[in-house]
Amino acid sequence: MSTRLFFATLVLPCAALVAVACSASRDIKNFGGSTSASGGAGPGNGGSGTTTMAMGSGGSTGSLTLAAGGAMNADTDGDGIYDDDEGSGDSDGDGIPNYLDPINDGDPPPLKFTAISTTFNQPIGIDYHEPSNTVVMSVNYPNGTPSVLERIQFDGSHQPFSNLTAFTDEVKIATVRSGNVQGFVTGDLFVGNGVDGQIVRITNDGKTVINPWVDLPGDNNGLIRGSLYVDRTGVWGGDLLVVTTVGQVWRITKDGKPTMVAAVGVHLEGAAVAPNKPARFGPLAGKLIVGAEEQATIYAFGSDGKYDTYMLGPAVEDVDIINPHENFFGVNFGTSHLLGAESAQFAKMTGDILLTQEVGGSATGLFRLKWDGQKVVAQPIALAPGSATVGQWEHTTFAAAGIVEIPPPK
């Protein structure tokens, strides 16, 4: 089937273009001069082309590309990524423009990691703190003294995030991103405290600690060192999702009401919800993806408690969604350093699921979990020449922040 694209050219006043750009979360200001757009109607209001703005007074000569292919704030191919983030290029070389292509075909590109020069004491957990545009880590494993959490600034300096101290075992972190449909406060942070079934909530930029915030009902729930994740898709109601060391899966509302989803009787670790986009994720769409490291098994839980399992090779330590315009940061436990990689290196995997294995399994210890249109596969990711050595991964994250050698993403 062929697709006919129609092209149109229009001239918009600067204020109009700025309004359109802001609707797609773009920060555009202080430009003068004329504006123009090319593109137009296509499938799902897509189309091919670019939107540019000529810079007059207050800016240098040239143009700023706002969108390449498709329409701003549209998702023509239904893969969960805006057309203007995907553009009209063909990253996987299959002849289909990115904004019309829901699946990233081919092998994932090799990755080159940079060792962040700042050192940490026994780091474990990591997540992005959106309000401060920084990364928060759990440190001082296994006794949590003198502090449990630290915030990492762009210059690499770090200081305690909250007054938490003396938490035992591995401390995994989940933070709330903006747009949460449950009503959780953006930037609130959740961890386990090393006590069976207990969850801690840190709010007010670390100044307020509720310990415990939730104590799961019953006994022998397991430790919350498995993983925590705040739903970003709405499929799970924006709830906090928790998996434990004895294989329990819980969802928790903003008011601290817990509901058990499933219990599978094995240690679970790593968790993230795949966006509800079947074109990209197939049977994984809308599911909570969780690793069972000791069994080298991946669980895909539905919100109704039903689940599928996949034995694809990786012994999963962590699970992340590869977001556009976010850098990768991973805790390299053996060296007490962070390893980072710029967002551009993940451009060909944007929107996919990243699996992290603690040791071995591939040159990087990372895999791309994907639906290839027929089956679910886990593709090992190669290590690029000149990369820092990967030792032992703990937890990983994607963040719009920069840290020393890794600049903030464009």
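Our structure is the block above this text.
Since we're looking at a predicted model, the values are computed, not measured.

## What to know about the overall build of the protein
Then step 1. When helices and strands are counted, the protein shows 3 helices and 28 strands.
Then step 2. Looking at the 410 residues of the protein, the share that counts as buried comes to 53%.
Then step 3. By sequence separation, contacts in the protein at least 24 residues apart represent 56% of the contacts at least 6 residues apart.
Then step 4. Just so you have it, the protein exposes about 16200 Å², and 52% of that area is on carbon and sulfur atoms.

## Details of the nonpolar core
Then step 1. The biggest cluster of nonpolar side chains holds 37 residues, and the ones touching the most others in it are L268, L284, L288, I289, F301, I353 and L355.
Then step 2. Excluding its chain neighbours within four sequence positions, the residues that come into contact with L284 are A274, I289, A300, Y310, I353, L369 and V376.

## Comments concerning the side chain of E86
Then step 1. Summarising the element assignment, E86 is placed in helix α2 (residues 83-86).
Then step 2. Among buried charged residues, E86 stands out as having no salt bridge; its nearest opposite-charge side chain is R280, 4.0 Å away.

## A short note on unusual backbone geometry
Then step 1. Put simply, Y141 and P142 share a cis peptide bond, and its omega is 5°.
Then step 2. In this fold, P142 is placed in the loop between β7 (134-138) and β8 (149-152).
Then step 3. Cis rather than trans, the peptide bond between T145 and P146 has omega equal to 5°.
Then step 4. Looking at the element boundaries, P146 is found in the loop between β7 and β8.
Then step 5. Phi at S336 takes a positive value of approximately 55°, unusual for a residue other than glycine.

## What to know about the sheet that holds strand β17 (residues 258-263)
Then step 1. Ordered by their spatial adjacency, 4 strands build an open sheet running β14-β15-β16-β17, and the pairing between neighbours is antiparallel. Edge positions in the sheet fall to β14 (227-230) and β17, since each of these pairs with one other strand and no more. If you compare each strand with its neighbour and ignore which way they point, the axes differ by 20° on average.
Then step 2. Pairing of strand β15 (residues 240-243) with strand β16 (residues 248-252), which is carried by 4 bridges, proceeds in the antiparallel orientation. Counterpart to L241 in the pairing with β16 is R251.

## Remarks on the packing of aromatic side chains
Then step 1. Applying the stated criterion across every chain yields a total of 13 aromatic pairs.
Then step 2. Relative to W213, the ring of F184 lies with its centre 6.3 Å away and its plane at 70°, an arrangement referred to as edge-to-face. In this pair, F184 is assigned in the loop between β10 (174-175) and β11 (189-192) and W213 in strand β13 (residues 208-215), connecting sequence segments 29 residues apart.
Then step 3. The interplanar angle of 45° and the centroid separation of 5.2 Å between the aromatic rings of F190 and W213 together place this pair among those described as tilted.

## Topic: the pattern of salt bridges
Then step 1. Applying the stated criterion to the full structure yields 15 salt bridges.
Then step 2. For R225, the salt bridge goes to D169, with nearest N and O atoms at 3.4 Å. Linking R225 in the loop between β13 and β14 with D169 in the loop between β9 (158-160) and β10, this pair joins segments that are 56 residues apart in sequence.
Then step 3. On the basis of relative accessible area, R225 is assigned to the buried category, the value being 18%.
Then step 4. Among the ionic pairs, R225 bridges to E170, the shortest N-O distance being 3.1 Å. Placement of R225 in the loop between β13 and β14 and of E170 in the loop between β9 and β10 is noted, with a sequence separation of 55 residues between them.
Then step 5. When salt bridges with common partners are traced through the structure, they connect D169, E170, K172, R225 and E269 into a single cluster.

## Considerations on the environment of R251
Then step 1. Summarising the element assignment, R251 is placed in strand β16.
Then step 2. The spacing of R251 and G238 is 13 residues in sequence and 9.4 Å in space, taken between C-alpha atoms.
Then step 3. The residues contacting R251, other than those within four sequence positions of it, are W236, G237, D239, L240, L241, K257, P258, T259, V261 and S303.
Then step 4. Separated by 2.7 Å, the side chain of R251 and the backbone oxygen of W236 make a polar contact.
Then step 5. In this structure the side chain of R251 is engaged in a polar contact, spanning 2.7 Å, whose partner is the side chain of D239.

## Digging into the environment of V359
Then step 1. Within the element layout of this structure, V359 appears in the loop between β25 (353-357) and β26 (366-371).
Then step 2. Given a relative accessible area of 48%, V359 falls into the partly exposed group.
Then step 3. Among all residues touching V359, those that are not within four sequence positions of it are G391 and Q392.

## Some words on the pairing of β13
Then step 1. In terms of strand pairing, strand β12 (residues 198-203) meets β13 through 5 bridges, oriented antiparallel. From the neighbouring strand, R201 faces β13, where its bridge partner is I210.
Then step 2. Between β12 and β13, which pair antiparallel and follow one another directly, the connecting turn spans 4 residues, one of which, N204, has a positive phi of 55°.

## Considerations on the sheet that holds strand β21 (residues 307-310)
Then step 1. Read from one edge to the other, the open sheet built from 4 strands follows the order β18-β19-β20-β21, with strand pairing classed as antiparallel. At either margin of the open sheet sits one strand with a lone partner, and together these are β18 (269-273) and β21. Neighbouring strand axes in the sheet, compared pairwise and without regard to direction, differ in orientation by 20° on average.
Then step 2. Two elements, β18 and strand β19 (residues 288-292), share 4 bridges in a ladder whose sense is antiparallel. When the bridges of β19 are listed, A271 appears paired with V290.

The rules behind these values
- Residues numbered from 1 in each chain as written.
- Predicted model: local features only at pLDDT ≥ 70, side-chain atom pairs only at ≥ 80, totals over all residues.
- Heavy atoms only, no water.
- Helix = DSSP H or I, 4+ residues; strand = E, 2+ residues; numbered from the N terminus.
- Buried < 20%, exposed > 50% of the residue type's maximum accessible area, 1.4 Å probe, protein only.
- Contact = heavy atoms within 4.5 Å.
- Areas by Shrake-Rupley, 256 points an atom, 1.4 Å probe, with all protein chains shown as cover.
- Core = buried A, V, L, I, M, F, W, Y, C linked by side-chain atoms within 4.5 Å.
- Lys, Arg positive; Asp, Glu negative; His and termini not counted.
- Salt bridge = Lys/Arg side-chain N within 4 Å of Asp/Glu carboxyl O.
- Pairing = 2+ DSSP bridges.
- Axes fitted to C-alpha atoms, helices over the stretch in contact; angles between N-to-C directions.
- Phe/Tyr/Trp six-rings, centres within 6.5 Å; stacked < 30°, edge-to-face > 60°.
- Polar contact = N/O pair within 3.5 Å; in protein donor to acceptor, adjacent residues only side chain to side chain.

Distances and angles like these do not, on their own, reveal function.
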